[in-house]
Amino acid sequence: ILDGVKTSKDIRAEVATRVEKLKRKPALAVILVGKRADSLTYVRQKMKAAEECNILAELINFEEDVAQDCVVRKIEELNLDTHVDGILVQLPLPPHLKEEVITVKVADEKDVDGLKPSNMGRLAMRGHEPLFVPCTPMGVIELLHRSNIELRGKEAVIIGASNIVGLPMSLLLLKALSYIEERRDMNIGILQEGCTVTICHIDTMDVAAHARQADVVVVGVGKAGLVRGSWIKRGATVIDVGINVIPDPGKKSGRRIVGDVHEEVFEKAGYITPVPGGVGPMTVAMLMKNTCDSAARVQA
């Protein structure tokens with residue numbers, strides 16, 4: 001089992017140590033529109049992690065029916081605030097707000113989610129490094145790295161081609177992150193070629209056939225139990241990014257959280273991330289790292 005809870009705790013402790021060496025505490029602004037239960041849960045996790053890392057975190061909670069111009073103006077105000085190091089727009093947004101318009105307004109140097117086209121473009125091109133790597137894919141790479149799982153030359157299959165997970169995950173696995181060990185305390189890394197990557201999406205024929213060839217499978221589509229044991233070759237590494245809520249009469253709440261990977265996969269996988277407790281905590285830890293990196297860059 002790849003323990004994201006323990007690994008993320010280690011990373012948060014490392015971030016807190018780095019924060020102590022800065023001239024001032026990093027500051028993160030989190031923009032939330034409405035009060036979706038899942039979004040509120042994620043935001044609370046981020047605010048708690050920020051407190052543990054000695055990062056100042058401010059929650060800006062707009063009403064559900066807020067005008068798009070109002071959100072944009074707030075982002076532009078935060079862009080100009082020299083005491084704000086990172087801006088995070090919690091997704092998804094209500095239908096009347098255009099995600100692609102709002103998120104792109106965040107300044108490149110404060111895009112700690114790493115999802116702007118400018119950051120994604122740098123991630124894709126050789127000879128260029130993004131200011132920030134998207135948090136979820138970077139959390140996956142960090143978890144693999146710290147678990148001593150070799151990526152170079154491996155066959156990787158990604159199921160799901162979203163902007164948040166699938167596409168940046170494919171770019172990171174193509175390059176595979178390895179660290180310059182003697183500079184580990186500065187958290188400086190280099191991107192080198194790694195996996196042979198296949199992306200499966202809604203139009204892919206026979207996703208299972210692709211998955212069976214993979215040494216590493218990453219799935220994030222939001223469909224409970226999609227990946228079955230017959231899809232996975234024995235000893236493969238399986239990363240489950242999915243988060244789904246299903247009915248469970250045995251639970252007090254009447255429901256439980258599961259991933260996109262069926263429980264029968266645990267018997268065949270060499271390494272696997274649980275849900276919850278796998279990728280989720282790593283995503284939050286990477287957000288803290290990116291915010292700290294932003295503050296360090298400004299103060300250098």
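Refer to the structure printed above.
I will try to describe carefully the structure that is included in this document. Along each chain, numbering runs from 1 in the same order as the chain's sequence is written. Reporting of local features is limited, given that this is a predicted model, to residues whose pLDDT is at least 70; pairs of side-chain atoms are given and counted only at 80 or more, and all residues count toward the totals for whole chains, interfaces and linings. Computation of side-chain values: all heavy atoms of the structure, hydrogens and water removed.

Some words on the nonpolar core
Across soluble globular proteins, nonpolar side chains have a tendency to be buried as a group.
Piece 1. We define the nonpolar core as a collection of buried residues of types Ala, Val, Leu, Ile, Met, Phe, Trp, Tyr and Cys that are connected through side-chain atoms lying within 4.5 Å of one another. The buried label applies to any residue whose accessible area, calculated with a 1.4 Å probe on protein chains only, is under 20% of its type's maximum; exposed applies above 50%, and partly exposed to all values in between. With 47 residues, the main nonpolar core has Val 15, Leu 28, Ile 55, Leu 173, Val 218, Ile 239 and Met 288 as its most contacted residues.
Piece 2. Contributions of two or more residues to this core are made by α1 (4-20), β1 (27-33), α2 (37-52), α6 (135-146), β4 (155-159), α7 (166-175), β8 (216-219) and α9 (279-299).
Piece 3. In this text, helices come from DSSP runs of H or I with a minimum length of four residues, and strands from runs of E with a minimum of two, each type numbered from the N-terminal end. No other element matches the 9 residues that α9 contributes to this core.
Piece 4. Residue contacts are defined here by distance: any two heavy atoms, one from each residue, within 4.5 Å place the two residues in contact. When neighbours within four sequence positions are excluded, Leu 28 is seen to be in contact with Ile 55, Leu 56, Ala 57, Glu 58, Gly 86, Ile 87, Leu 88, Val 112, Leu 287, Met 288 and Thr 291.

Observations concerning the packing of aromatic side chains
Piece 1. Pairing of aromatic rings covers Phe, Tyr and Trp, the last through its six-membered ring, and needs centres within 6.5 Å; plane angles under 30 degrees mean stacked, over 60 mean edge-to-face, and all others mean tilted. Inspection of the entire model under this criterion finds 0 aromatic pairs.
Piece 2. Above the face of the Phe 132 ring, Arg 297 is positioned so that its terminal group lies 5.0 Å from the ring centre. Charge-over-ring contacts are defined here by two conditions on Lys NZ or Arg CZ: a distance within 6 Å of the ring centre and an angle within 35 degrees of the ring normal.

Concerning the packing of helix α5 (residues 117-124) against α7
Piece 1. Direction vectors running N to C along α5 and α7 enclose 30 degrees, while the axes themselves pass 9 Å from each other. By the angle between their axes, α5 is roughly parallel relative to α7. Along this stretch, α5 crosses α7, giving a crossing that reads as left-handed. Only Leu 167, Pro 168, Leu 171, Leu 172 and Lys 175 of α7 make contact with α5, whose side of the interface consists of Met 120, Arg 122, Leu 123 and Ala 124.
Piece 2. Residues were grouped as follows: Ala, Val, Leu, Ile, Met, Phe, Trp, Tyr, Cys and Pro as nonpolar; Asp, Glu, Lys and Arg as charged; and all remaining residues, including Gly, as polar. Tallied by class, residues from the contact of α5 with α7 come to 7 nonpolar, no polar and 2 charged. Every angle, taken between N-to-C directions, lies between 0 and 180 degrees, and every axis is a line fitted to C-alpha atoms, over only the stretch in contact when it is a helix. Roughly parallel means an angle under 35 degrees; roughly antiparallel, over 145; roughly perpendicular, 65 to 115; everything else is oblique. Crossing chirality is assigned from the near helix's rotation relative to the far helix, an anticlockwise turn below a right angle marking it left-handed and a clockwise turn marking it right-handed.

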